Amino acid sequence: MKLISACLIGCECRYDQKSCRTDLGEQLLSQGKAIPVCPEQLGGLPPPRPPAEIVGGDGFDVLDGRAKIVDNQGNDVTDIFLAGAHQALKIAQTAGVTSAILKENSPSCGSSFIYDGTFTGKKVQGVGLTAALFLRNGIEVSSERRE
Ligand code: SF4
């Protein structure tokens, strides 16, 4: 059993409600092999919502208090993202999940790349907050592009 970013199975949970549906996601779900989770919704951010990026580092830096997550209106949404990440971890641990397929580039779910915090579309190497929390707790993460 894997945990999967809910947007990858067609849930319109992205900030802009655009679909990120993948055949892999739908296949795993239909086979009963995946649990869909959206950390940002779990934290209390239903769509649509302003886009958010990590400023000052990546998800590990947020966990360690060296970076924050802000939306494009300038609101600090770090605590909301943290709450959602911990809820997602609780679901994964309760279900005995040991690996997750997470949506690349997201400030929550990115596992190799995230946006750089300038809202200019530039990506940098790094992991999102939920991906970092999963990795710190022994859950493997990969992106929909590496499956
Ligand atoms: Fe939710 Fe993660 Fe998909 Fe963003 S990338 S919409 S946080 S599941």
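Residues numbered from 1 in each chain as written. Predicted model: local features only at pLDDT ≥ 70, side-chain atom pairs only at ≥ 80, totals over all residues. Heavy atoms only, no water.

Peer 1: Looking at this structure, how should I read the overall build of the protein?
Peer 2: Scanning the protein from N- to C-terminus turns up five helices and eight strands. Ordering the α and β elements of the protein from the N terminus gives β-α-β-α-β-α-β-α-β-β-β-α-β. Taken over C-alpha atoms, the radius of gyration comes to 14 Å for the protein, in line with the 15 Å a tight globule of 147 residues would show. Classification of the 147 residues of the protein by burial places 48% in the buried group. (Helix = DSSP H or I, 4+ residues; strand = E, 2+ residues; numbered from the N terminus. Rg over C-alpha atoms; globule rule 2.2 N^0.38 Å. Buried < 20%, exposed > 50% of the residue type's maximum accessible area, 1.4 Å probe, protein only.)

Peer 1: Can you help me understand the environment of Gly 65 in this one?
Peer 2: Within the secondary structure, Gly 65 sits in the loop between α3 (59-63) and β4 (68-71). Using a relative accessible area of 63% as the deciding quantity, one classes Gly 65 as exposed. Between the C-alpha atoms of Gly 65 and Thr 78, which are 13 residues apart in sequence, the distance is 9.8 Å.

Peer 1: I tried to follow the pairing of strand β1 (residues 2-5) on my own but got confused; where do I start?
Peer 2: Each regular strand carries side chains that alternate between the two faces of the sheet. Taken together, the four bridges between β1 and strand β2 (residues 34-37) define a ladder with parallel strand orientation. Its bridge partner lying in β2, Leu 3 is registered against Ile 35. Both β1 and strand β5 (residues 99-102) contribute to a ladder of two bridges, which runs parallel. Bridging across to β5, Ile 4 finds its partner in Ile 101. (Pairing = 2+ DSSP bridges.)

Peer 1: Help me out: how do you make sense of the site of the ligand in this one?
Peer 2: As a matter of local geometry, the ligand sits amid 13 residues, with Cys 7, Cys 38, Glu 40, Lys 103 and Cys 109 nearest to it. Of the residues that constitute the shell around the ligand, the class distribution is seven nonpolar, three polar and three charged. (Near = heavy atom within 4 Å. Nonpolar A, V, L, I, M, F, W, Y, C, P; charged D, E, K, R; others polar.)

No statement about biological role is implied by the geometric values presented.
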